[in-house]
Amino acid sequence: MSGNRQADWAFADAFVAEDDALVRARARSHVAGLRPVSPGTGAALRLLAAAGGAKAAVEIGTGTGVSGIHLLRGMRQDGLLTTVDSEPDRQQLAREAYREAGFAANRSRFICGRALDVLPRLTDGGYDLVFCDADRREYLDYLDEALRLLRPGGVVCFEGAFGRGRALDAAHHDDEALRLRELMRVVRDSPGLAPVLLPTDDGLLCAVRA
């Protein structure tokens, strides 16, 4: 890839500035050793939530609240974000981040647990958007659950679809890279999905459920 193309992508990914609440949440992610969504990915999530008028969304992988703030800012004022993570300490940091960003406590529901244990308990067809940013090796399983959870016209998104470049390079045969390639193939070829692969940061794979 040319230097100009890299500069273009870097500029686009940083195009939307982040406020103090997001900067603090991002700093907590780095301290915790986590990789939050990039500003460009966050802006894309906010746009998708807003364009779809999302009232109910599910986030798999709470982190420290960076992606959740973006989602909440795009959702309707009466929207509820259900966020799932196996680490309660991270969810406490996200609660603090949401509060600093000005969101009332009733705008979010925190569920601590393994995603594949939690998701089957959520309501069929009850959600407008599902965002996945957790174990990449489980993304195909998340897709199955998301298609059950989403209403027609709902959107599912997968962060990190490029696998830091490994999923795009056939020389890599590790489990994560192979599963990400399979995910991209399934989403692209499914007749019930309208997909797009956005080149923000490490790749954001999105699809609208028919």
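Anything mentioned here points back to the structure above.
Residues numbered from 1 in each chain as written. Predicted model: local features only at pLDDT ≥ 70, side-chain atom pairs only at ≥ 80, totals over all residues. Heavy atoms only, no water.

1. Considerations on the overall build of the protein chain
Looking only at helices and strands, the protein chain features 8 helices and 7 strands. The C-alpha atoms of the protein chain give a radius of gyration of 16 Å, which matches the 17 Å a tight globule of 210 residues would have. Overall, the protein chain is about 45 × 40 × 30 Å in size when its C-alpha atoms are taken along their principal axes. Per-residue burial for the protein chain yields a buried fraction of 48% across its 210 residues. In the protein chain, the share of contacts with a sequence separation of at least 24, taken over all contacts with a separation of at least 6, comes to 67%. Computed over 27 positive and 30 negative side-chain charges, the separation of the two mean positions in the protein chain equals 3 Å. (Helix = DSSP H or I, 4+ residues; strand = E, 2+ residues; numbered from the N terminus. Rg over C-alpha atoms; globule rule 2.2 N^0.38 Å. Buried < 20%, exposed > 50% of the residue type's maximum accessible area, 1.4 Å probe, protein only. Contact = heavy atoms within 4.5 Å. Lys, Arg positive; Asp, Glu negative; His and termini not counted. Charge placed at Lys NZ, Arg CZ, Asp CG, Glu CD.)

2. Observations regarding the pattern of salt bridges
Where charged atoms from two side chains of opposite charge approach closely, those side chains can pair. Under the defined criterion, the tally for this structure stands at 21 salt bridges. In this structure, the salt-bridge partner of Arg-76 is Asp-78, at a minimum N-O distance of 3.0 Å. We classify Asp-78 as partly exposed; its relative accessible area is 42%. Across the pair Glu-138 and Arg-114 runs a salt bridge, and its minimum N-O distance is 3.1 Å. With a gap of 24 residues between them, Glu-138 in the loop between strand E4 (127-132) and helix H7 (139-149) and Arg-114 in the loop between strand E3 (108-112) and helix H6 (115-118) connect regions that are remote in the sequence. The exposure class assigned to Glu-138 is buried, which follows from its relative accessible area of 15%. Arg-114 gets classed as partly exposed once you look at its relative accessible area, which sits at 42%. Where salt bridges share partners, they join Arg-24, Arg-28, Glu-96 and Glu-100 into one cluster. (Salt bridge = Lys/Arg side-chain N within 4 Å of Asp/Glu carboxyl O.)

3. Topic: the pairing of strand E7 (residues 204-209)
Two strands pair when backbone bridges link them, and strand E5 (residues 150-159) and E7 are joined in this way by 5 bridges, in the antiparallel orientation. In the strand pairing of E7, Cys-157 is matched with Cys-206. Strand direction decides the pairing type here: strand E6 (residues 193-198) and E7, joined by 6 bridges, are antiparallel. Bridged to Leu-198 within E7 is Leu-204. A loop of 5 residues connects E6 with E7, the two strands running antiparallel in sequence, and Asp-201 in this loop sits at a positive phi of about 50°. (Pairing = 2+ DSSP bridges.)

4. Side note on unusual backbone geometry
Of note in the backbone geometry, Arg-164 takes a positive phi value of approximately 55° without being a glycine. Judged by its relative accessible area of 60%, Arg-164 is exposed. In this structure, Asp-201 is a non-glycine residue whose phi angle is positive, near 50°. When you line up the elements, Asp-201 lands in the loop between E6 and E7. Asp-201 sits in the partly exposed class, given a relative accessible area of 33%.

5. So, helix H8 (residues 175-189)
Taking 1.5 Å of rise per residue, 15 residues should cover 21 Å, and H8 covers 21 Å from first to last C-alpha, within 8% of that figure. Those residues of H8 that fall on the buried side of the exposure criterion are Ala-177, Leu-180, Leu-183, Met-184 and Val-187. Looking straight down H8, one finds that the buried residues subtend no more than 120° of arc, so they occupy a single side. (Expected span 1.5 Å × (residues − 1). Arc of directions from axis to C-beta.)

6. A few points about the packing of helix H2 (residues 20-31) against helix H5 (residues 88-100)
At their nearest, the axes of H2 and H5 sit 9 Å apart, and the two run at 165° to each other. Put simply, H2 runs roughly antiparallel to H5. Taken as a pair, H2 and H5 cross one another with a handedness that is right-handed. Across the interface between the two elements, Ala-21, Arg-24, Ala-25 and Arg-28 of H2 pack against Leu-93, Glu-96, Ala-97 and Glu-100 of H5. A breakdown of the residues in the contact of H2 with H5 according to their chemical character gives 4 nonpolar, no polar and 4 charged. (Axes fitted to C-alpha atoms, helices over the stretch in contact; angles between N-to-C directions. Parallel < 35°, antiparallel > 145°, perpendicular 65-115°, else oblique. Left-handed = near helix turned anticlockwise from the far one by under 90°. Nonpolar A, V, L, I, M, F, W, Y, C, P; charged D, E, K, R; others polar.)

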